[in-house]
Amino acid sequence: MTAQSTLAPQRDGAPEPSGRSVRRRRAHRGQARIAALYLAPAGIVLVSVMAYPLYQLVQLSLYEYGQAQASGGAPLEFLGLGNYTRLLNDPRFWMVLLNTCGFAAVCVAGSLAVGITLAVLASRVRQLPRALLFLAALGAWATPAVAGSTVWLFLFDQDFGLVNEVLTGIGLTGMEGFSWTYDRFVAFALVAGEVIWCSFPFVMVTMYAGIKAIPEEMVEAASLDGASTWRTARSVLLPMLRPLLVIATIQSIIWDFKIFTQIYVMTDGGGVAGQNLVLNVYAYQEAFAGSNYGLGSAIGVVMTALLLLITVIYLRVQRGTGENA
Amino acid sequence: MTTATHTAPTTGRRRKQLFRRPGRTLAEITTVLVAAVVAFPLYWMLLTAFKPRGQIQSTDPRPWTLSPTLENFRRVFTVNDFGRYFLNSLLVAGVVVVVSLVVSFLAAVALTRFRFRGRTVLLVMILTAQMVPVEALTIPLFFLMRSVGSVAPWFGLNHLGSLVLVHLAFSLPFAIWMLRGFVAAVPAELEEAATLDGASRFRFTWQVLFPLVAPGLVAMSVLSFIHAWNDFLFAKTFIISATENQTLPLAVLVFFKPTGNDWGAIMAGSTLMTIPVLVFFVLVQRHLVSGIAGAVKE
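Residues numbered from 1 in each chain as written. Chains lettered and ligands numbered in written order. Predicted model: local features only at pLDDT ≥ 70, side-chain atom pairs only at ≥ 80, totals over all residues.

Engineer: Give a description of the overall build of chain B that names residues and reports values.
Structural biologist: The helix and strand inventory of chain B stands at 14 helices and zero strands. Starting at the N terminus and ending at the C terminus, chain B contains elements arranged as α-α-α-α-α-α-α-α-α-α-α-α-α-α. Among the 298 residues that make up chain B, the fraction classed as buried is 43%. A sequence separation of at least 24 residues applies to 75% of the contacts in chain B between residues at least 6 apart. (Helix = DSSP H or I, 4+ residues; strand = E, 2+ residues; numbered from the N terminus. Buried ≥ 20, exposed ≤ 12 C-beta atoms within 10 Å, placed from the backbone. Contact = placed C-beta atoms within 7 Å.)

Pasting the structure below:
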């Protein structure tokens, strides 16, 4: 059956010698049509569930949109940039913005430091210890955010947590019954610990692959030329790892800037009196707990704009490294 | 003579290894210790899930148990209908994977195998779409799903369809971008050969191209599965009142109570939620790393 179908078009095509170029031209014109057909499902989904909501987000942020408007009981009131001026004049918004940036910075720095250190360590040891490390890291990576948050909460629980028990056991009696979620910075540190725990594996795996891809001869040549270990790392290894490092950094920034689950679960919706709010949780609380959908959307727009800025820098840097390579 | 020439380098190498060994042993001990610390939270979760209640609500927690029990799991399945939520999560993630597999493959083929105007613009748009913070879209999506619900209830608020829709949309940009690299890696000669053999374009796409990009499809599927499976924000926002349509992340949080958290049940639930992802990850880790690396390299 296959033989028949493979022969048929050849026999058809044989009598007309000029048919080939005609067919090709026709194929080119047909290509666009088939391509459109292939792209249609993805396009429909992306336009309706991503592009349109993005447009709506901006629109909502320009209106007074509360419980009354959401249920259709009151007419929409156009505020223009009213929600934004309200935000900019609200000290709470600035605190949340500062929280978000500080928290993301700590998480990014932590994931990079741990990930890179462990990647270097992994490249120096034999297979068995390395396999153990990768397996453990894979486990941390795979753990769903909610599950990771609950386990960390339990480990650091005030009354039944292992950490307080161990710390008390080694003589720090002040740690008995210590609450890790009461103080603003301690709570942030705890959440950052969990975030770093589940996001360093990505950095580690990426950087390990990068280190492995560096030809051994280059390192040997450097040491033959009398370069010290530090000098080799700085002048040979670092430039070669730079593209991957940039990707890992930006990816971590994007992830850690928009963290929701860990903060929400671990600090119970934003901490005592909202001290642990980050932009995402703040927008959620304003919209769905406070029924301020307009204001929540404005926060969403601010966050999107900030991330877009990071993205532009990312693309520029990536293009720059691409040209160098 | 041969032995003489052979022994010289070996002893040299051995001496070098001896010289290096203390440093490496230290590095290996550190590695194993770090691995233990990283894996510890998971161990603790698993252990607590099997501990009897008295040993969990204790001010003297021990890192082992001599009386493992299934009572926590039993409670999770009877008090809170966990089996149902597990199936809900599985259904959402499964449908997202299957649909995004087909849809993103088609789009990737169109973007790599066809020449048409506006291709570059589309590529840039897909790259940008990856960077959109989908969490910021919660509010407009909430209203979108509310209106969808009045037309097609299955895809509206309180129904799993709404979750399928959003996770499908969020997984597509990266999936398309990733698959594009894999499709482009298949040489054009192969298509010419297949066409010469009389295969239609449709047949080539599904019977030659599709199997060839399998590693990319696997990596892509795992990532979209994990995204949909782990989601907390959208499940919390969309499934407001229909508790029977909740997914796992929300079901676990039910055991946090003002009167005292049921840690045994929380850990049992978390274990159940983690296992499928863990199994998936370990099974496809090689594909995953090469898949991500391939996408990153693009």
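Engineer: Just give me the short version of the UniProt feature "domain: ABC transmembrane type-1" (unreviewed entry) in chain B, but keep the residues and values in it.
Structural biologist: UniProt annotation of "domain: ABC transmembrane type-1" (unreviewed entry) refers to residues 86-284 of chain B when read in the numbering used here. Along residues 86-284 of chain B, the helical share is 76% and the strand share 0%, with 22 Å between the first and last C-alpha atoms. (UniProt positions renumbered as here; feature names shortened; annotations may be inferred.)

Engineer: Can you tell me about the domain arrangement of chain A, naming the residues and giving the values?
Structural biologist: All names here are of chain A. In terms of domains, chain A is made up of domain 1 (54-89 + 292-309) and domain 2 (91-290). On a C-alpha basis, the centroid separation for the pair domain 1 and domain 2 is 33 Å. Listed by partner, the interface residues are nine residues for domain 1 and eleven residues for domain 2. Class assignment of the residues belonging to the side of domain 1 that touches domain 2 gives a composition of six nonpolar, three polar and no charged. (Domains from an automatic or database assignment. Nonpolar A, V, L, I, M, F, W, Y, C, P; charged D, E, K, R; others polar.)

Engineer: Can you lay out the interface of chain B and chain A for me, pointing to particular residues and giving the numbers?
Structural biologist: Across the contact, 72 residues belong to chain B and 75 residues belong to chain A. When residues of the side of chain B that touches chain A are assigned to their parent elements, the largest contribution, 15 residues, is made by helix α1 (residues 2-50) of chain B. In terms of residue class, the side of chain B that touches chain A is made up of 52 nonpolar, 14 polar and six charged.

Engineer: Tell me about the UniProt feature "transmembrane region" (unreviewed entry) in chain B, and name the residues and values.
Structural biologist: With numbering matched to this structure, UniProt assigns "transmembrane region" (unreviewed entry) to residues 25-46, 85-109, 121-144, 164-187, 208-229 and 263-284 of chain B. With 100% helix and 0% strand, residues 85-109 of chain B has end C-alpha atoms that lie 36 Å from one another.

Engineer: Residue-level account of the environment of Met-45 of chain B, with values.
Structural biologist: Counting through the fold element by element, Met-45 of chain B comes out in helix α1. The exposure class of Met-45 of chain B is buried, given the 23 C-beta atoms found within 10 Å. Sequence spacing of Met-45 of chain B and Phe-73 of chain B is 28 residues, and the spatial spacing of their C-alpha atoms is 13 Å. Those residues in contact with Met-45 of chain B, other than ones at most four positions away along the chain, are Val-151 of chain A together with Met-267, Ser-270 and Thr-271 of chain B.

Engineer: Before we move on, can you summarise the nonpolar core with the specific residues and values?
Structural biologist: The biggest cluster of nonpolar side chains holds 168 residues, and the ones touching the most others in it are Ala-107, Ala-169 and Leu-179 of chain B. The biggest single contributor to this core is helix α7 (residues 160-185) of chain B, with 17 residues. Setting aside anything within four residues of it in sequence, one finds Ala-169 of chain B in contact with Val-45, Leu-46, Val-49 and Met-50 of chain A. (Core = buried A, V, L, I, M, F, W, Y, C linked by C-beta atoms within 7 Å.)

Engineer: Got a sec to walk through the UniProt feature "transmembrane region" (unreviewed entry) in chain A? Specific residues and values, please.
Structural biologist: All names here are of chain A. The feature "transmembrane region" (unreviewed entry), as given by UniProt, occupies residues 34-55, 93-120, 132-155, 185-209, 236-255 and 293-315 in the numbering adopted here. Strand forms 0% of residues 34-55 and helix 100%; the C-alpha atoms that close the span are 29 Å apart. Counting secondary structure, residues 93-120 comes out at 100% helix and 0% strand; the distance between its end C-alpha atoms is 40 Å.

Engineer: Requested: an account of the packing of helix α3 (residues 71-78) of chain B against helix α13 (residues 263-283) of chain B, with residues and values cited.
Structural biologist: Residues and elements named next belong to chain B. It is the contact of α3 with α13, at a shortest axis distance of 8 Å, that shows an interaxial angle of 80°. Taken together, the axis directions place α3 and α13 in an arrangement best described as roughly perpendicular. Between α3, through Asn-72, Phe-73, Arg-75 and Val-76, and α13, the contact on the second element is made entirely by Gly-264, Ala-265, Met-267, Ala-268 and Gly-269. Its residues placed into classes, the contact of α3 with α13 shows five nonpolar, three polar and one charged. (Axes fitted to C-alpha atoms, helices over the stretch in contact; angles between N-to-C directions. Parallel < 35°, antiparallel > 145°, perpendicular 65-115°, else oblique.)

Engineer: Before we move on, can you summarise the packing of helix α9 (residues 184-212) of chain A against helix α11 (residues 229-257) of chain A with the specific residues and values?
Structural biologist: Residues and elements named next belong to chain A. Running from N to C, α9 and α11 point in directions that differ by 160°, and their axes come no closer than 9 Å. Between α9 and α11, the angle falls in the class roughly antiparallel. Considering only the axes of α9 and α11, their crossing is right-handed. Where α9 abuts α11, its residues Val-195, Ser-199, Val-203, Thr-206, Met-207 and Gly-210 lie against Leu-241, Leu-244, Ala-248, Ser-252, Trp-255 and Asp-256. Among the residues making up the contact of α9 with α11, the classes are represented as seven nonpolar, four polar and one charged. (Left-handed = near helix turned anticlockwise from the far one by under 90°.)

Engineer: Go over the domain arrangement of chain B with me, naming the residues and quoting the values.
Structural biologist: Residues and elements named next belong to chain B. When the domains of chain B are assigned, the result is domain 1 (2-56) and domain 2 (81-297). In this complex, domain 1 contributes seven residues to the contact, which on the side of domain 2 involves six residues. In terms of residue count, the dominant contributor to the side of domain 1 that touches domain 2 is α1 (four residues). Classifying every residue of the side of domain 1 that touches domain 2 by side-chain character gives four nonpolar, one polar and two charged.

Engineer: Tell me what's going on with the confidence of the model for chain B, and back it up with residues and numbers.
Structural biologist: Residue and element names in this part refer to chain B. Looking at chain B as a whole, its pLDDT mean stands at 85, while 89% of the residues score no less than 70. By mean pLDDT, the top-scoring element of chain B is helix α11 (residues 233-238) (94), and the lowest-scoring one is helix α14 (residues 285-297) (56). In this model residues 1-12 is a low-confidence stretch, pLDDT under 50, and it forms zero contacts with partners more than four residues away in sequence or in other chains. Per-residue pLDDT stays below 50 along residues 14-19; that stretch engages in zero contacts with residues further than four places along the chain or on separate chains. This prediction of the complex comes with two scores: 0.84 for pTM and 0.84 for ipTM. (pLDDT = per-residue confidence, 0-100.)

Engineer: Now, about α7 of chain B: what can you tell me, with residues and values included?
Structural biologist: Counting along an α-helix, one turn takes 3.6 residues, and residues three or four places apart therefore face a common direction. All names here are of chain B. Spanning 26 residues, α7 covers 37 Å between terminal C-alpha atoms, matching the ideal 38 Å at 1.5 Å per step. In α7, a bend of some 35° at Leu-172 exceeds every other bend along the element, and Pro-173, a proline, comes one to four places later. Among the 26 residues that make up α7, 23 are buried, leaving the element largely enclosed by the rest of the structure. (Expected span 1.5 Å × (residues − 1). Bend = angle between axes of the 7 residues up to and from the residue.)

Engineer: Can you break down unusual backbone geometry residue by residue, with the values?
Structural biologist: All names here are of chain A. Positioned with a positive phi, Ala-273 is a non-glycine residue whose angle comes to about 55°. When you line up the elements, Ala-273 lands in the loop between α12 (261-266) and α13 (279-289). Judged by local crowding, Ala-273 falls into the exposed class, with 8 C-beta atoms found within 10 Å. For Ser-291, which is not glycine, the phi torsion reads 55° and is therefore positive. Take Ser-291: it is sitting in the loop between α13 and α14 (293-324).

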